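Below, each chain spelled out in residue letters.
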Amino acid sequence: MEELIMTKTADSILNNPFLNKGTAFTKAERKALGLTGTLPSNVQTIDEQTTQAYAQFQSKSTRLEKRIFLMNLFNENRTLFYHLMDEHVVEFMPIVYDPVVADSIEQYNELFLDPQNAAFVSVDAPEDVEDTLRNAAEGRDIRLVVVTDAEGILGMGDWGVNGVDIAVGKLMVYTAAAGIDPSQVLPVSIDAGTNNQKLLDDPLYLGNRHKRVYGDQYYDVIDKFVEAEQKLFPDSLLHWEDFGRSNAQVILDKYKDKIATFNDDIQGTGMVVLAGILGALNISKESIKDQKILSFGAGTAGMGIANQIMDELMQAGLTEEEAKQHFYAVDKQGLLFDDTEDLTPAQKAFTRKRSEFSNADELTNLEAVVKAVHPTVMIGTSTQPGTFTESIIKEMAAHTDRPIIFPLSNPTKLAEAKAEDLIKWTDGRALVATGIPADDVEYKGVTYQIGQGNNALMYPGLGFGLIAATAKVLNNETLSAACHALGGIVDTSKPGAAVLPPVSKITEFSQTLAEVVAQSVLDQKLNKEPISDAKKAVADMKWVPEYKAVK
Ligand SMILES: NC(=O)c1ccc[n+]([C@@H]2O[C@H](COP(=O)([O-])OP(=O)(O)OC[C@H]3O[C@@H](n4cnc5c(N)ncnc54)[C@H](O)[C@@H]3O)[C@@H](O)[C@H]2O)c1
Ligand SMILES: O=C(O)C[C@H](O)C(=O)O
Ligand SMILES: [Mn+2]
């Protein structure tokens, strides 16, 4: 960074968020950089700037205004933004990330001010892919790329180029939680068109104004993107986010054994749910081998979750066939059978036989399936709000002591149930995690803390550990090690304890996770560079939001 800064003009320094310190440039720095007289004379500390920025933040009355303020600060001065976020991580997470990021995606065109150093890859210009990445990176040493094509933004469907905000938001959480240097990250939008008619009809829409491209033309652009990404940033980790159900798993399977990469909705979500179940079982003192798991919404996330739990059951000594018997996948068609039409490849591994049930033909909705199966664990990734109804939950809770219930669909308006209702309907017996932050629930004198079952608890530590260890690939062994690291952090001593650690501790447990992940990479000799000490590698990589002196 230092060499870079010495050759710049005053204007290009003050307008570069990776270099800018604003009023915190010292007199000597101002002199050396040609900034003398371009700022008011008083030199401020980062703490003074932070206090002032927080006061401004507090003066905004709506969550969207607060977000716009924070994003402007982010656009101007990354160090100050992260210094401030460090002090207010619990308060800022829902604003820069889920759920308020969902509002900003819906209003991207109206709110657009700044491309936020993202790369915009267009399906219509495959010849520009490499230049696009090079231009957006501007010579920075990129170690982490979050890419989305926005076909399945959270549970809100197709948002075209607007979806770039989720890539930016995921990266903000990476830096705040794990400490990746914000100048080493690159958000990428793959604009493959959109099937969102509202956007296509909107004169303000900023993306490619045509239907979404699929098939060979689409996969060719993905290939070109991965090739250029690996060529330009050979030391980087590639994180896929919010791809559609028909592409997410296909893309992951294509690249996962070749490069350091993961899909957050499949693997990050699988990890956080397994960690949450392990936390819940720590509380209930039950074994995972005794659970019947119902996935409601057998899509990208639902099947990622099933696969991660499957892996855990097999590690516990079950054969694949035995492990399979623990799962019930429910989608639009109802319980998925081996003869159900239109099964996805991921669903095929988790179907049941009609002969197992006397009323198989009636199992076309969640209520009927819950009655027939008596699940002990129910996970919602269906995008269908309110579908975990009182009667369904009461039916489930009538057959198990501590029902494990995770309504995970995001954002807020899509959740299958509210934490408060789940606690009430089960008379305090449910072990709950929700996709977005939920307030404590007071019920009959006990304070129930609700774990946030969001992949944000996992991907920062996972990704940071992989980068620090210079991992060649991510495999099941490392994923499993990470799940156990987080599943073990739960405080089971007090009644109402959450099944996952609180977001207020996200920097601490992300570091633990990163160390466990890096150690697993080294143990398997999957590191590219010679590294012997996982903890040191993680510590050396960690960026702190303080201004570095410019000599
Ligand atoms: N909390 C988290 O960390 C987390 C992580 C990933 C996804 N999610 C949430 O999970 C939801 C799904 O995400 P995804 O990426 O898996 O999307 P997806 O489109 O791949 O999967 C959604 C699935 O739900 C099914 N579905 C739709 N209507 C249904 C109905 N009436 N009954 C049963 N199933 C129905 C769809 O057919 C599809 O298979 C989203 O709301 C997303 O925000 C949460
Ligand atoms: O983005 C989130 O909040 C979690 C998850 O990746 C999702 O798609 O819902
Ligand atoms: Mn996602």
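Residues numbered from 1 in each chain as written. Chains lettered and ligands numbered in written order. Predicted model: local features only at pLDDT ≥ 70, side-chain atom pairs only at ≥ 80, totals over all residues. Heavy atoms only, no water.

So the rule is basically this: UniProt positions are given in the numbering used here, feature names are shortened, and annotations may be inferred rather than shown by experiment.
Going by an unreviewed UniProt entry, the protein chain carries the name Malolactic enzyme and comes from Lactiplantibacillus garii. One UniProt comment on the protein chain, placed under Sequence similarities (unreviewed entry), says "Belongs to the malic enzymes family." Under Catalytic activity (unreviewed entry), UniProt gives the following word-for-word description of the protein chain: "(S)-malate + H(+) = (S)-lactate + CO2".

**Regarding the coordination of the manganese ion (ligand 3)**
Worth spelling out the cut-off: Sites may look incomplete, because water is not among the atoms used; the donor set itself consists of N, O and S atoms within 2.8 Å of the metal (3.2 Å for Na, K and Ca). Relative accessibility under 20% of the residue-type maximum defines a buried residue, over 50% an exposed one, and the middle range a partly exposed one, all with a 1.4 Å probe and only protein chains included.
Each protein donor to the manganese ion (ligand 3) is listed here as Glu241 (OE), Asp242 (OD) and Asp265 (OD); together their distances run 2.1 Å. For the manganese ion (ligand 3), the donor residues sit on a single chain with the sequence spacing E-D-x22-D. Glu241 gets classed as buried once you look at its relative accessible area, which sits at 1%. Exposure remark for Asp242: the relative accessible area of 3% places this residue in the buried category.

**As for the packing of helix α6 (residues 78-87) against helix α7 (residues 89-96)**
Keep this limit in mind: Under this scheme, a helix contributes an axis fitted over its contacting stretch, all axes are lines through C-alpha atoms, and angles between N-to-C directions fall in the 0 to 180 degree range. To qualify as a helix, a DSSP run of H or I must reach at least 4 residues; to qualify as a strand, a run of E must reach at least 2; elements of each kind are numbered from the N terminus. For classification, angles of less than 35 degrees are called roughly parallel, those exceeding 145 degrees roughly antiparallel, those between 65 and 115 degrees roughly perpendicular, and all remaining angles oblique. Contacts are assigned to residue pairs that have any heavy atoms within 4.5 Å of one another. The residue classification treats Ala, Val, Leu, Ile, Met, Phe, Trp, Tyr, Cys and Pro as nonpolar and Asp, Glu, Lys and Arg as charged. All others, Gly included, are polar.
Where α6 contacts α7, the axes come no closer than 6 Å and their chain directions differ by 120 degrees. Comparing their axes, α7 and α6 come out oblique. Facing α6, whose interface residues are Phe81, Leu84, Met85, Asp86 and Glu87, α7 presents Val89, Phe92, Met93 and Val96. Classifying every residue of the contact of α6 with α7 gives 7 nonpolar, no polar and 2 charged.

**Side note on the pairing of strand β11 (residues 431-434)**
Note the cut-off: Should DSSP find at least two bridges between two strands, the strands are taken to pair. Think of it like this: strands point away, you trace from the first strand over the helix to the second, and a clockwise trace means the crossover is right-handed.
Judged by which residues are buried, β11 turns out to be covered on both faces: Leu431 and Ala433 on one side and Val432 and Thr434 on the other are all buried. Examined bridge by bridge, strand β10 (residues 404-407) and β11 share 2 bridges and lie parallel to one another. The partner of Ile404 across the bridge, within β11, is Leu431. A crossover links β10 with its parallel partner β11, the connecting element being helix α21 (residues 419-425), and its sense is right-handed. Judged from the 2 bridges that link them, β11 and strand β14 (residues 451-452) form a sheet pairing that is parallel. Along β14, the bridge assignment pairs Thr434 with Gln452.

**As for the nonpolar core**
Rules: What we call a nonpolar core is a set of buried Ala, Val, Leu, Ile, Met, Phe, Trp, Tyr and Cys residues that are connected through their side-chain atoms within 4.5 Å.
Leu70, Phe81, Met93, Ile277 and Phe406 are the most contacted members of the largest nonpolar core, which totals 108 residues. Ranked by the residues each element gives to this core, the list is headed by helix α15 (residues 264-284), at 10 residues. Discounting chain neighbours no more than four positions away, the residues touching Ile277 are Ile288, Ile309, Val377, Ile379, Ile404 and Phe406. Among the nonpolar cores identified, the runner-up in size contains 32 residues, and Ala119, Leu186, Val226 and Leu238 belong to it.

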